[in-house]
Amino acid sequence: LDGDLIIKGYGDPGFAAEDIWSLLWGVRERGVETVAGDLILDASHFEAAEGGRGDFDGNASSTYNALPHALTVNLQTTRVHLLQDSGDRVRVFTDPPLANLRIENRLQLVKAPCQRKYHRPSLRLVEEPQRATLSLTGTFADGCGESDYARLLLTPSQHAAGAVLALWQAMGGGIDGQTRDGVLPRDARLIHTQESGPLEDAVRQINKHSNNLMSRNLFLTLGAERLGAPGSPAKARQTVLRWLGQRGLDFPELVLDNGSGLSRDTRISARSMARLLGYAYSAPTMPQLLSSLAIAGVDG
């Protein structure tokens, strides 16, 4: 490809490493093996999120604090896997694989049962100009066999870029230029498209597991679909209020913040919520909504 390879995200909240692989394999099947230019990631379908990951409760690395992003991969989560390798070593790898994350493994394997006093891995991220380093220290009890830790380590753009580059290189693809953020130019030529799953799958994930990131991405998508990109909280709130008004659901006390439960301001009265649920129960989509709700003592 004599030019840049641009990947534009449209807010799919379930976009995973296997979807990247399928997307890139589609590019390979269409004849592209080496990109002479840059790998550009376009997340401009949503406005950039305000604030930081730790603003809600100070836990910036906790996965539930991921901020909405139009090109999110694996919910922006880096899952760090630790397992006893052959001999006296601890093997470390990440899911998804990240080409821009260096792993510095100083874990000490100890012969001990899998108890907290013996099994004490420590993960620390050291940010550098070109790439970050994940430093692992402490002890790993051989009685544990394998353990994993889910963290928000890189920014959404860094996380997506690292995963795309790692998987592209794994399937033999080459990039001559750099990986960077950018915006799709008007004269770009479409090579391949990867479709998201159906809406009801996303709703089920949101409701069963209280998935804040998926909820926020869906919220911004409402605004982008109805009022044009880029999606923003203001456009999303306007879209939801218009939808309620068209159905006679006037909730003057309703306050919509960011579309998820990570808010100190979002509120609705019990009477209004009951009216909304009554409307939903009589709507054509009632079966999909009910099937998305957690079952007490069973799941979610």
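What you see is a predicted model, and the numbers here were worked out from it, not measured in a lab.

Parameters at a glance
Residues numbered from 1 in each chain as written. Predicted model: local features only at pLDDT ≥ 70, side-chain atom pairs only at ≥ 80, totals over all residues. Heavy atoms only, no water. Helix = DSSP H or I, 4+ residues; strand = E, 2+ residues; numbered from the N terminus. Buried < 20%, exposed > 50% of the residue type's maximum accessible area, 1.4 Å probe, protein only. Contact = heavy atoms within 4.5 Å. Areas by Shrake-Rupley, 256 points an atom, 1.4 Å probe, with all protein chains shown as cover. Pairing = 2+ DSSP bridges. Axes fitted to C-alpha atoms, helices over the stretch in contact; angles between N-to-C directions. Polar contact = N/O pair within 3.5 Å; in protein donor to acceptor, adjacent residues only side chain to side chain. Parallel < 35°, antiparallel > 145°, perpendicular 65-115°, else oblique. Core = buried A, V, L, I, M, F, W, Y, C linked by side-chain atoms within 4.5 Å.

Trainee: Please clarify how the overall build of the protein should be interpreted in this entry.
Mentor: A count of helical and extended segments in the protein gives seven helices and twelve strands. Projecting the C-alpha coordinates of the protein onto the three principal axes gives extents of approximately 65 × 55 × 35 Å. Within the protein, the fraction of its 300 residues that count as buried is 39%. Restricting the contact set of the protein to residue pairs at least 6 apart, pairs at least 24 apart contribute 69%. Carbon and sulfur atoms form 49% of the exposed surface of the protein, whose accessible area is close to 16600 Å².

Trainee: In this structure, what is going on with the sheet that holds strand β5 (residues 90-95)? I would like to understand it.
Mentor: Across a sheet, strands are paired by hydrogen bonds formed along the backbone, either parallel or antiparallel in direction. Reading across the sheet, the three strands line up as β5-β4-β10 and stay open at both edges, with antiparallel pairing between neighbours. Since the sheet does not close on itself, it has two edges, and those belong to β5 and β10 (146-151), each with one partner. The mean inter-strand angle of the sheet, taken between neighbouring strand axes irrespective of direction, is 20 degrees. Relative to β5, strand β4 (residues 78-84) runs antiparallel, the two sharing six bridges. For Q84, the partnering residue across the bridge sits in β5 and is V90.

Trainee: Help me understand the environment of D57, please; the structure alone is not making it clear to me.
Mentor: Within the element layout of this structure, D57 appears in the loop between β3 (39-42) and β4. On the accessibility criterion, D57 (31% relative accessible area) is partly exposed. Of the polar contacts made by the side chain of D57, one reaches the side chain of Y64; its length is 2.5 Å.

Trainee: In this structure, what is going on with the sheet that holds β3? I would like to understand it.
Mentor: Taking strand neighbours across the sheet as the criterion, the three strands line up as β1-β3-β12 in an open arrangement whose pairing is parallel. The sheet is open, and its two borders are formed by β1 (5-8) and β12 (179-181), each paired with just one other strand. With strand direction ignored, the average angle separating the axes of adjacent strands in the sheet is 25 degrees. Of the pairings in the sheet, the one linking β1 to β3 comprises four bridges and is parallel in character. Residue pairing across strands places I7 opposite L41, the latter belonging to β3. Sheet strands touched by helix α2 (residues 156-170): β1, β3 and β12. Its angle to β3, the strand with the most contacts, is close to 140 degrees.

Trainee: Teacher, can you tell me more about the side chain of T239 here?
Mentor: Assignment of secondary structure puts T239 in helix α5 (residues 233-246). Residue T239 is classed as buried on the basis of its relative accessible area of 12%. When neighbours within four sequence positions are excluded, T239 is seen to be in contact with L222, G223, R226 and L227.

Trainee: Can you help me understand the packing of helix α4 (residues 212-227) against α5 in this one?
Mentor: When two helices pack together, their arrangement is given by the angle between their axes and by how far apart the axes lie. Here α4 crosses α5 at 80 degrees, and the two axes come no closer than 7 Å. It follows that α4 is roughly perpendicular to α5 by the angle criterion. Contact residues: F219, L220, L222, G223, R226 and L227 in α4; P233, K235, A236, R237, Q238, T239, V240 and R242 in α5.

Trainee: Help me understand the nonpolar core, please; the structure alone is not making it clear to me.
Mentor: As a rule of thumb, nonpolar side chains are buried together in soluble globular proteins. If you look at the biggest cluster of nonpolar residues, it comprises 42 residues, and the most contacted ones within it are I7, I20, L24 and L82. Within the residue set of this core, elements represented by two or more residues are β1, α1 (17-29), β3, β4, β5, β9 (132-141) and α2. In terms of residue count, the dominant contributor to this core is α2 (six residues). The contacts of I7, once residues within four sequence positions are left out, are L23, L24, L39, I40, L41, D42, L71 and V164. Core analysis: the next-biggest nonpolar cluster, separate from the first, contains seven residues, F219, A236, L249 and F251 among them.

It is worth stressing that arrangement in space is one thing and function is another; only the former is reported here.
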